[in-house]
Amino acid sequence: MSDQIHIVEMGPRDGLQNEKTPVSVEARIAFVEALVAAGLGTVEVGAFVSPKAIPQMASSDQVLRGVSHIKGAEFHVLVPNEKGYDAARAAGAQIVSVFAAASEGFSRANINCSIAESIERFKPVLARAKADGVKVRGYISCVLGCPFDGEIKPKAVADLAVTLWDLGCYEISLGDTIGVGTPLKAKEMLRAVGAELPVANLAMHFHDTYGQALANLYAGMEEGVRVIDAAAGGLGGCPYAPGATGNVATEDVVYMLEGMGVNTGVDMEKLLAATNEVAGLLGRPPVSRVACALNAKRKRLGGS
Ligand code: HMG
Ligand code: MG
């Protein structure tokens, strides 16, 4: 399991989309700059969704334009429909993500349509992206449980993953949106999807509500999955996922991987600085175990 792992940093999008404290465009851009400087080469920086639904992601066009000078990194943005695609492209997006759900209840709550209707909305986005040479990532939410519909069958996830793949998504990110999964369930789900699609094109997007995210990632790595979504500081959550907490923290993932001999290319000190900076803006310390441990160590050693 010691081959390369690709981390997709979620902090500026999933991380901030549910925060009560507004974060300015300038601070969002600075957050992205700090994450890239820490060695995170793929960062999701915003979402072209309704600003009434997710005001925190308003002005994602300014954020995307504001990070375009950063070299050596790629930036992702969410688009739920053609309107979002138009706006993302006008701001220079080269990689966009569509997002579906494995459960009808979450699909309705999150994007106000059924799963089948969401696929119809994505079809023109994928077709236009193909013509424009734009890469499209596909998310599936609630792969290990739904706050409205309860248990989710692995086959339902696999079938939807195939649909998104057939539409042209280059990677399918499998989201435990409410963080209820456990390692064996995660394996079962990943095996079901991996039986249909190349494992190299799957990503794990695990929230850490029940403290299982690292264990679930390890289980997924045993199944051969090599792409991990994570958010600095363990930020994250979705207003339509009641009770869910943040994404698995990037620093926790990096600490685990480096301990396994995987070179992540991430500078932990710089990542911690980025995490602390945004936590300061939000007015509370970071929740991740590694950030807490390293900040406490700094204090013991007399740092600030
Ligand atoms: P709708 O109401 O079905 O859409 O919303 P509509 O076409 O009827 O439009 C309604 C209004 O939204 C109109 O404005 C549109 O112009 C506007 P109004 O006339 O009322 O002023 N609108 C838009 N505005 C900006 N950008 C757009 C856009 N489309 C329509 N692209 C819609 C459908 C999807 C737009 C809405 O439900 C929405 O924005 N939902 C937010 C979804 C969201 O961002 N959720 C959080 C991200 S997903 C997530 O966190 C999960 C993930 O992390 C993985 C995991 O953890 O599982 C990815
Ligand atoms: Mg998420």
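All of the points below concern the structure found in this document.

Rules of the game
Residues numbered from 1 in each chain as written. Chains lettered and ligands numbered in written order. Predicted model: local features only at pLDDT ≥ 70, side-chain atom pairs only at ≥ 80, totals over all residues. Heavy atoms only, no water. Donors = N, O, S within 2.8 Å, 3.2 Å for Na, K, Ca; no water. Helix = DSSP H or I, 4+ residues; strand = E, 2+ residues; numbered from the N terminus. 1 Å grid on protein atoms, 1.4 Å probe; cavity = no way out; pocket = protein on both sides within 12 Å on 5 of 7 lines; lining within 4 Å. Points joined across faces, edges and corners; volume = space filled by probe spheres on them. Nonpolar A, V, L, I, M, F, W, Y, C, P; charged D, E, K, R; others polar. Near = heavy atom within 4 Å. Polar contact = N/O pair within 3.5 Å; in protein donor to acceptor, adjacent residues only side chain to side chain. Areas by Shrake-Rupley, 256 points an atom, 1.4 Å probe, with all protein chains shown as cover. Sits in = over half its atoms within 2 Å of the grid points. Salt bridge = Lys/Arg side-chain N within 4 Å of Asp/Glu carboxyl O. Buried < 20%, exposed > 50% of the residue type's maximum accessible area, 1.4 Å probe, protein only. Core = buried A, V, L, I, M, F, W, Y, C linked by side-chain atoms within 4.5 Å. Contact = heavy atoms within 4.5 Å.

## Considerations on the coordination of the magnesium ion (ligand 2)
- The coordination sphere of the magnesium ion (ligand 2) contains the protein donors Asp14 (OD), His205 (NE2) and His207 (NE2), at a distance range of 2.0 to 2.3 Å.
- Along the chain, the residues that donate to the magnesium ion (ligand 2) are spaced as D-x190-H-x1-H. Linking aspartate 14 in helix 1 (residues 11-15) with histidine 207 in the loop between strand 7 (202-206) and helix 9 (213-222), this pair joins segments that are 193 residues apart in sequence.

## So, the layout of surface pockets
- The calculated volume of the largest pocket comes to roughly 640 Å³.
- If you go around the largest pocket, you meet 34 residues; those closest to its centre are Val49, Pro80, Phe99, Asn110 and Ile111.
- Of all the secondary-structure elements, those providing two or more residues to the lining of the largest pocket are helix 1, helix 4 (82-90), helix 5 (104-111), strand 5 (135-141) and strand 6 (171-176).
- Element by element, the count of residues in the lining of the largest pocket is highest for helix 5, at four residues.
- Partitioning the lining of the largest pocket into residue classes produces 17 nonpolar, twelve polar and five charged.
- Broken down by class, the residue content of the lining of the second largest pocket amounts to twelve nonpolar, ten polar and five charged.

## Quick word on the site of ligand 1
- Neighbouring ligand 1 are 27 residues, the closest being Gln17, Asn81, Asn110, Ser141 and Thr177.
- Within the backbone of valine 49, an N or O atom sits 3.3 Å from a nitrogen atom of ligand 1.
- Residue serine 141 places a side-chain N or O atom 2.7 Å away from an oxygen atom belonging to ligand 1.
- Summarising the interface, the protein chains cover 74% of the accessible area of ligand 1, which totals 1,100 Å² for the free molecule.
- Its atoms largely coinciding with the cavity grid, ligand 1 occupies the largest pocket.

## Quick notes on the pattern of salt bridges
- On inspection of all chains with the given rule, the structure shows 16 salt bridges.
- For aspartate 61, the salt bridge is made with arginine 65, and the minimal N-O distance between the two is 3.7 Å. Note that aspartate 61 and arginine 65 are positioned in helix 3 (residues 60-66) at a spacing of four residues, about one turn of the helix.
- When its relative accessible area of 28% is taken as the criterion, aspartate 61 is described as partly exposed.
- The residue glutamate 82 makes a salt bridge to arginine 128 at a minimum N-O spacing of 3.0 Å. With a gap of 46 residues between them, glutamate 82 in helix 4 and arginine 128 in helix 6 (residues 115-132) connect regions that are remote in the sequence.
- With relative accessibility at 30%, the residue arginine 128 sits in the partly exposed group.
- A cluster of three or more residues bridged by salt bridges with shared partners is formed by Lys187, Arg191, Glu222 and Glu223.

## Notes on the nonpolar core
- Counting 101 residues, the largest nonpolar core has Ile140 and Leu174 as the members making the most contacts within it.
- If we skip the residues at most four places from it in the chain, isoleucine 140 touches Ala100, Ala101, Ala102, Val157, Leu160, Ala161, Leu164, Ile172, Ser173, Leu174 and Gly175.

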